[in-house]
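# A structural walkthrough
In case you want the letters, here they are:
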Amino acid sequence: MAGAKQHAHWSSRWAFIMAAVGSAVGLGNIWKFPYEANAGGGGAFVLVYLAFVFLIGTPLLVAELSLGRRGQLSPIRSMEKIAKEEGRTNWWSLVGWSGVIGSFIVISFYSVVGGWTLSYVVEAFSGGMTGITKEGAEAHFNSLVTNPVTPLVWHAAFMAITVGIVLRGVEGGLEKAVTILMPALFVLLVGLVIYSGVTGEFTAAVNFLFAPDWSKMNADVALNALGQSFFSLSLALGSIMVYGSYLTKDVNIGKAAITIAGADSAVAILAGLAIFPIVFAFDLSVGKEEGLVFMTLPIAFGQMTGGAVIGTFFFGLLTVAAITSSISLLEPSVSYLEETDKLSRKKAAFIIGIAAFLLGSLSSLGFGVLSDVTIFGKSIIGFKSYITNNLMMPLAGMFMALFIGWFISRKSIMDELAMNESWFRIWYFMIKYICPFAILVVFYNIVFGF
Ligand code: TRP
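Right, let's talk about the overall build of the chain for a bit. Along the backbone of the chain there are 18 helices and zero strands. Here the chain has a C-alpha radius of gyration of 21 Å; the compact-globule value for 450 residues is 22 Å, and the two agree. Overall, the chain is about 65 × 50 × 40 Å in size when its C-alpha atoms are taken along their principal axes. With 450 residues in all, the chain has 59% of them scored as buried. Taking as baseline every contact in the chain between residues at least 6 positions apart, the subset at least 24 positions apart corresponds to 82%. Looking at the chain as shown, the accessible area adds up to about 17,200 Å², and 68% of this sits on carbon and sulfur atoms. Each charge sign in the chain was given a centre, from 26 positive and 26 negative side chains, and these centres are 10 Å apart.

Okay, the packing of aromatic side chains next. The geometry of an aromatic ring pair is captured by the separation of the ring centres together with the interplanar angle, meaning the angle of the planes. One pass over the full model with this rule turns up 31 aromatic pairs. Plain terms: the ring middles of Phe208 and Phe276 are 4.9 Å apart, the flat faces sit at 50° to each other, and that makes the pair tilted. In this pair, Phe208 sits in helix H9 (residues 202–210) while Phe276 sits in helix H12 (residues 253–281), placing the two residues 68 residues apart along the sequence. Members of the aromatic cluster, each reached through a chain of ring pairs, are Trp116, Tyr120, Phe141, Phe294, Phe301, Phe314, Phe315 and Phe367. Positioned above the aromatic ring of Phe231 is the side chain of Lys32, whose terminal nitrogen or guanidinium carbon lies 4.9 Å from the ring centre. One residue, Lys432, lies across the ring of Trp406, its end atom 4.4 Å from the ring centre.

Each value, and the rule that gives it
Residues numbered from 1 in each chain as written. Predicted model: local features only at pLDDT ≥ 70, side-chain atom pairs only at ≥ 80, totals over all residues. Heavy atoms only, no water. Helix = DSSP H or I, 4+ residues; strand = E, 2+ residues; numbered from the N terminus. Rg over C-alpha atoms; globule rule 2.2 N^0.38 Å. Buried < 20%, exposed > 50% of the residue type's maximum accessible area, 1.4 Å probe, protein only. Contact = heavy atoms within 4.5 Å. Areas by Shrake-Rupley, 256 points an atom, 1.4 Å probe, with all protein chains shown as cover. Lys, Arg positive; Asp, Glu negative; His and termini not counted. Charge placed at Lys NZ, Arg CZ, Asp CG, Glu CD. Phe/Tyr/Trp six-rings, centres within 6.5 Å; stacked < 30°, edge-to-face > 60°. Lys NZ or Arg CZ within 6 Å of the ring centre and 35° of its normal.

Below you can see the structure in the form of structure tokens.
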């Protein structure tokens, strides 16, 4: 690494793309997307979601990456620095603060679910899924998450792995791991879709996912779809900005953003196509929320030949996908502590990891001993997910777009992006007018409900 305050850089364009895809593809695609789609009534949710990914999310990805690359510092300091250079108020650093705090909240519950995933690797490997029935799968999941101790142990293990990688710096093992494991996850998912398609109710699943029933669409569902599109793309909480700060000038940010969004959406759709044929074939009661993936896929693994091996691989790769996302969730706060308090990377990673574990334990216990605790009518995990997904991300995203569109000079952003002129025009128009306006409309609907 160069000077004391200089960040590391990705070793190649490909390494960056894989790390960014690794951040985007995670539990959000395979665990959260199916249950959000389910709760949102299927096709209408999916279409609105995809529209948000490509019309709002992708332009914002470009925006966030370019802010990071220009700042070359942690999200808070990058925003501060750019605002200063452009002669704007220091208040813009709040966008960075919201990112650092928001990503910390997300990692605190994300790692709980990461822990469940890890425990399912062992469960599949030990043959625990063989011949499992619908009732058995439900009972297993419920007994895991309501237990006061077991999920905390898995949660700690998951967090320890994440911290272990983060404290070594991003370039070491991570770059190598993602370039092999991400493609492997993709291949396995395609295989699962084929299996589900042959053995399950494929047509019903396709209809459910793609035939929109607009009567199910309302302001809340639209906001969930917006939040989910941001969550899945890792947007607006600083992860993408930090990754942008490790970027060198020769990378084409526009192309990178399209690749990331395309890969991320493909994985979410494949996950839906792998899961819903089984949901319909086994008549798994809908609305199972957080348990959906954990109660459906074991049934499929339990019935197929070689299911123990395939199941182990699947949950193993899902864990890896979750880890590559968690790394990007720890990175904003770790980079901030490292830079500001002059802590070593190791110390910073430890402190953040332990703090996030403690905060996350509350979410974990929220499924069992603390299940009576509700905040504004939501479970602990539901509340954390709501404020980050549905409030912090859209707001930070909107302010990021406003900042670039209205408060920094067109020329400086054009120089930063070095895009082809007509693409730049389209992108700039989206960022200046469409993104902030669209987010505002979704919000207005929620607050004033017209
Ligand atoms: N996108 C990841 C997923 O789908 C989760 C994630 C990583 C994230 N970094 C983020 C979500 C930053 C929001 C913000 O699993």
